[in-house]
Amino acid sequence: MKAPLNWLKDFVDIDIAPAELEKKFVSAGFEIEEIINQRDAVKNTVAGQITAIEKHPNADKLFVCTVDVGFKVVQIVTNAKNVYAGAVVPVALDGALLPSGTKISAGELRGVRSDGMFTGLEELKATDEDFPGADPDGVLILSPSIAPGTDIADVLGLDDIIFDVSVTANRPDCNSILGIAREIAAVTGKDVKPYAFTYQSDEEPADPVKVVVENQILCPRYMAQTVKNVKIKPSPEYIKKRLKAVGIRPINNIVDITNYVLTEIGQPMHAFDRFNIGGNHIIVRNAKKDEEVVTLDGKTRTLEESVLVICDLARPMAVAGIMGGTDSGINVGTVEIVFESAKFARDNIRRSSKALNLRSDSSARFEKGIDFSAQELGLKRALQLVHELECGTVAGAPVDIATDFVKERTVSFTAAAVSKILGITVKADKIMEILNGLGIKTVQSGKLLTSDIPEYREDLENANDIAEEVIRLMGYDKIKSKLLSKAQQTIGGASNSYRTDTAARNAAAGAGFSETVTYSFISPKAFDLLRLSADDALRNAVGIRNPLGEDVSIMRTVILPSALAVVASNISKFNKEARFFEIAKRYSPKAATVKTASKAAKNTKIPSQAELPVEEQTLVLTAYGEGESFFTLKGALDRIAGLLGLEFSYRAKVYPFLHDGRSAEVLFNGVHIGYIGEVHPETQDAYGSPFRIYAAEISLEKLYDKALEVKKFASLPKFPGVARDLAVVVEDGTSAAELIAVIKKTAKLLESIGVFDVYKGTHIAEGFKSIAFGLTFRHPERTLTDDEIAEEMTVVLAALKKGFGAELRK
Amino acid sequence: MQETIDKITRSFNAELEKASSVAELNELRVRYLGKNGVFTEVMKSLKDIAKEDKPFFGKLLNDARVKIEEVLQEKDKTAAKEEQRARLLAERIDITLPGVSAEAGSIHPLSKVKAEFAEIFTSLGFEIKEGPEVELDFFNFQLLNIPKDHPARDMQDTFYITDDVVLRTHTSPMQARVMLEQKPPIRVIIPGKVYRVDDDASHSPMFQQIEGLVVDKNISLCDLKGCLETVCKKLFSSKTKIRFRPSFFPFTEPSVEVDCSCPLCGGKGCRICKGTGWIEILGAGILNPKVLDNCGIDSSVYSGFAFGVGMERVAMIRYGIPDIRIFFENDIRFLKQYK
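Chemist: Which residues make up the overall build of chain A, and what are the values?
Modeler: Scanning chain A for helices and strands turns up 19 helices and 39 strands. The C-alpha atoms of chain A give a radius of gyration of 41 Å, which is well past the 28 Å a tight globule of 810 residues would have. When its C-alpha atoms are laid out on the principal axes, chain A stretches across 125 × 90 × 60 Å. The 810 residues of chain A split such that 50% are buried. For chain A, the share of sequence-separated contacts (at least 6 apart) that also reach a separation of at least 24 residues comes to 71%. Roughly 38,200 Å² of accessible area belongs to chain A as shown, and the carbon and sulfur atoms make up 52% of that amount. Separation of charge centres in chain A, based on 98 positive and 109 negative side chains, amounts to 6 Å.

Structure representation (structure tokens):
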């Protein structure tokens, strides 16, 4: 909200410096975005009178002027043809700054000194409206009554200081000069100057306009006032100046009055040309389906039935609260008008404005909320301005159609309640002093304080609201630090899921992976890069209705695309190797189990949560660069599992985005939890990687029950174990896991087994491989004999021979 | 006999003089003191000596043997020491060469900050809870006193999935979920990802927050200040102060913005705090009684406070990171700074 100081002074005496006022504003809860001193826009530029003109000795098109700038006489070289001796013109002197942003310094033009420059409209950012009849291409000729030496800022009326105040959503009343002035009065201990309405109403028109409000829910109040003998002309300077200061372009006196009231009181107004109101009826109703109206911006709007419109008997004249129509508006020939001052339901304005993609100063105010008192005040202020500007006669009394509204509202509370919220003791007297200073009349009866809430303070409803008013004017520095001194002790702590995530994070970092954070939304095209078939379940994703772009338009069902994008961007930065991990959710649009919160308040209905997707916490690992392989990644995953107190197993499985021969599913307790593998060369190419990439993605959600379990003690063996190596030759396609499974099943005394070597080449036939196991045997109650071990080895070898045609390696 | 012993001793001493290594000394020991050594031989000759002289020569011989043993042992120690010294010298390495170990990875600065908060708050008796990111409008807005088409929704530009489902714009919906499920006293923090339609140097469409919620009897603004001051002191330094500025959030009343004294300059004023000495770090307030009532907690008995802090903002202050986008670029060279 832009509030010019001079305008504010209409309502409150301000005798402190702008910087001081800013401090008080901030401490009362209003951020100041900017303090604009209009004078800063133009420097070292004054009015000067040309006393003599000579031709430039070295240039045909230039003139050398002698100029009296009041405090001295200067010489200016110009190419303007409209200058003449005696003319008063703007002179930008050495070091000048112009509103256009141009800086001027003295110099020489074709060998003749010029102490500065004459300026035209453009450099001053002025228009024909400011200086009627000015030559748009020449130097601006000012009124001869302006004395040489007058600061051009004064000529342009740039003499105000504008506070750009940021107003929070709970204080719509402060989106007005009056509202801001009320706050200034409260923080500086001054009174707000009341309006004096001196206009007189003439007699009622013979055929007064009839108003019908068909939808009082969307239009709780509608006031209309006819004004006769209207003379459309430009507004006086002070109106124009103030409107321009707040960024509104002056149009004509009537339109300017509506905008002036909008800014000063916050009440949007509209003016209809009375003779363009068909049938002399104003009807406030919902639009008919596909009804059309041409709005003031010249666009034809097709309306939905939810949009409220102001109509005459035949057609819509305006989109209620948002924008007027071209047909019914004010024009130079207008002689009678009807002012509209209404309250429209803010949620409907908001929806309609969004639906029509049409916003205006008016709709912005309505969306924020306007109280019931503003319509009457706004209308009166408009009529007072009509009177002051002598541009019309008020004809009779206003029409006022309103639903019942609470005119007097009170809030009762005790000083003790306010003190309890704040945590400091505030006496009743102090509370009353503060509230009365804010214009909230408060009286005491015993311990009970009762406040009459002004209509413009719809935000004040209970003791908490009162406590906020009290402390923001006392100053928040009065709040002391106390560490939950009266609260009960609680145990606190982290959930198992949080602890597991943290342990997984530490384990992954310990295993050499660096944690990334990527957006939860991805491009649907990522599924093509992963080579997913058209009916792949992973393509079924939660879509965002209003994404920032297509590449961030769906919630990921798999983290891999984000992880591969990280790899790709690192490769593009010449990072030749890296290991990454991320712990993040993937989202699948399956109906979640409905959690009903049964302890909800009786009157609170919890809607079904079946619409919400399943969110699954996931760990993704990627690695690329020298030395990385399927097995380095698998080893890392096993290490992470180990640090979570778990053990994973693996089963070969083909995935569209992984190398057919180097991919597996990861299992925990026989349950599928994810995949691991080398990224498919086509996917690798699609992400622009010259390196092979290894990736794994597992559900952490499925580990929460078992991870970080407290382990039961197992007593240590008392008798020595015996180690034996066994190398067998098998067909290349045989997996170590198959062999191990058979060995484990056969050897009764086996304690543990591991693979320590795999060999293909010399002495091993083509299509075969040698695989070497280290076996440890142990008996819990005695030392094993060599014979027993030999027996075990024989049985094992026989089983391998039978199952896989294995031969002992020679 | 005497003569023989003297002769042995002399020849031993001469040989001992020449022996310097542990091996040479061992050889000497075997030759003189071994099973078939010189002394054993002489011992055998004792049988030819008169019975009455046996004790005398026997002692003489034994003394000589003990003496040699002692001398040998002495020299052994010296030799072993010398040999060890020589070996260690020979085995000397360049300890400035790199260690042989897998390089450690790193934890993202946002996770680090989150972990710090989690530790501080759990030590203050807070529970850690997490909740859904794709959330019902009902929890994200309506229960928090932000009805549909309310202007307060402008404060949080929202990603919509359907009319009733949104990407949560703050971690506050979990406040409502917790209050619906749990009875006071409640002390929880809720870390998590949140989403807003926003993308520039200081805003990211996805960012992380930690929500705090305390519900109990007699909770006041002073408790809020004390709690947040303790946290800021633990997070930054024991000298950190905080201040409140009035603000507005629909679910708290009164609402405040919280500034902490600039951890970089200690409040003197610097580039980071733009010369003010203060840095805005979070929004907070006393729970609006309407929200308590919406969530089935009797606001005439209980009160509470809530706050929400942005992890990116704290991490930017903590690590001096100038641009929020750096967090999401995931350049390995950046990430490895946070080992």
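Chemist: I'd like a rundown of unusual backbone geometry, residues and numbers included.
Modeler: Residue and element names in this part refer to chain B. Between Pro 184 and Pro 185 the backbone carries a cis peptide bond, its omega angle lying at 0 degrees. Relative to the helices and strands, Pro 185 is located in the loop between α7 (173-181) and β4 (186-195). Non-glycine residue Asn 145 carries a positive phi angle of around 70 degrees. With respect to the element layout, Asn 145 can be found in the loop between α6 (137-140) and β3 (165-167). Despite not being glycine, Lys 274 shows a phi value in the positive range, around 55 degrees. Considering the arrangement of structural elements, one finds Lys 274 in the loop between β7 (252-261) and β8 (278-287). Classification of Lys 274 as exposed rests on a relative accessible area of 74%.

Chemist: Could you give me a rundown of the side chain of Arg 182 of chain A, with the residues and numbers involved?
Modeler: All names here are of chain A. The topology assignment puts Arg 182 in helix α4 (residues 177-188). One buried charged residue, Arg 182, remains without a salt bridge, the closest side chain of opposite sign being Asp 173 at 4.1 Å. With sequence-adjacent residues up to four places away left out, Arg 182 is seen in contact with Asp 173, Val 192 and Tyr 456.

Chemist: I'd love a proper account of the sheet that holds strand β1 (residues 2-4) of chain A, names of residues and values included.
Modeler: Two pairing modes exist for strands in a sheet, parallel and antiparallel, and in both the strands are linked by backbone hydrogen bonds. Residues and elements named next belong to chain A. Read across the sheet, three strands follow the order β1-β11-β2 without closing on themselves; strand pairing throughout is antiparallel. Of all strands in the sheet, those with a lone pairing partner are β1 and β2 (31-37), marking the two edges. Looking at each pair of strands side by side, their axes are set apart by 25 degrees on average, direction ignored. With six bridges joining them, β2 and strand β11 (residues 161-166) adopt antiparallel strand pairing. Across the sheet, residue Ile 32 finds its bridge partner in β11, namely Val 165.

Chemist: An account of empty space enclosed by the protein is requested, with residue identities and associated values reported.
Modeler: According to the stated counting rule, one finds four cavities of 30 Å³ or more in the structure shown. Taken together, 13 residues line the largest cavity, and the ones lying closest to its centre are Ala 28, Thr 168, Asn 170, Arg 171 and Arg 472 of chain A. Of all the secondary-structure elements, those providing two or more residues to the lining of the largest cavity are α12 (463-474) of chain A together with β6 (242-249) of chain B. Looking at side-chain class alone, the lining of the largest cavity contains four nonpolar, four polar and five charged residues.

Chemist: Could you give an account of the interface of chain B and chain A, with specific residues and numbers?
Modeler: Contact with chain B, which involves 100 residues of that partner, is made by 99 residues of chain A. Looking only at chain B, the three residues that lose the most surface to chain A are Asp 149, Cys 222 and Pro 246 of chain B, adding up to 9% of its buried area. Between the two partners, chain B and chain A, sit five salt bridges. Between Asp 331 of chain B and Lys 573 of chain A there is a salt bridge, and its shortest N-O distance comes to 3.9 Å. Summed over the shared surface of chain B and chain A, the result is 41 residue pairs in polar contact (both at pLDDT 80 or more). No other element matches helix α8 (residues 221-235) of chain B, which puts eight residues into the side of chain B that touches chain A. Here the side of chain B that touches chain A is composed, by residue class, of 47 nonpolar, 22 polar and 31 charged.

Chemist: Tell me about the sheet that holds strand β38 (residues 768-777) of chain A, residues and numbers included.
Modeler: Residues and elements named next belong to chain A. The four strands are arranged β37-β38-β36-β39 in an open sheet whose pairing can be described as antiparallel. The two strands at the open ends of the sheet, each matched to only one other strand, are β37 (750-759) and β39 (807-808). Both β37 and β38 contribute to a ladder of eight bridges, which runs antiparallel. Looking at the pairing, Asp 757 lines up with Ala 772 of β38. Relative to the sheet, helix α19 (residues 786-804) contacts β36 (722-731), β37, β38 and β39, its axis offset from that of β36 by approximately 15 degrees.

Procedures and definitions
Residues numbered from 1 in each chain as written. Chains lettered and ligands numbered in written order. Predicted model: local features only at pLDDT ≥ 70, side-chain atom pairs only at ≥ 80, totals over all residues. Heavy atoms only, no water. Helix = DSSP H or I, 4+ residues; strand = E, 2+ residues; numbered from the N terminus. Rg over C-alpha atoms; globule rule 2.2 N^0.38 Å. Buried < 20%, exposed > 50% of the residue type's maximum accessible area, 1.4 Å probe, protein only. Contact = heavy atoms within 4.5 Å. Areas by Shrake-Rupley, 256 points an atom, 1.4 Å probe, with all protein chains shown as cover. Lys, Arg positive; Asp, Glu negative; His and termini not counted. Charge placed at Lys NZ, Arg CZ, Asp CG, Glu CD. Salt bridge = Lys/Arg side-chain N within 4 Å of Asp/Glu carboxyl O. Pairing = 2+ DSSP bridges. Axes fitted to C-alpha atoms, helices over the stretch in contact; angles between N-to-C directions. 1 Å grid on protein atoms, 1.4 Å probe; cavity = no way out; pocket = protein on both sides within 12 Å on 5 of 7 lines; lining within 4 Å. Points joined across faces, edges and corners; volume = space filled by probe spheres on them. Nonpolar A, V, L, I, M, F, W, Y, C, P; charged D, E, K, R; others polar. Buried area = accessible area lost by both parts, 1.4 Å probe. Polar contact = N/O pair within 3.5 Å; in protein donor to acceptor, adjacent residues only side chain to side chain.

None of the figures reported here should be taken as evidence of function without further support.
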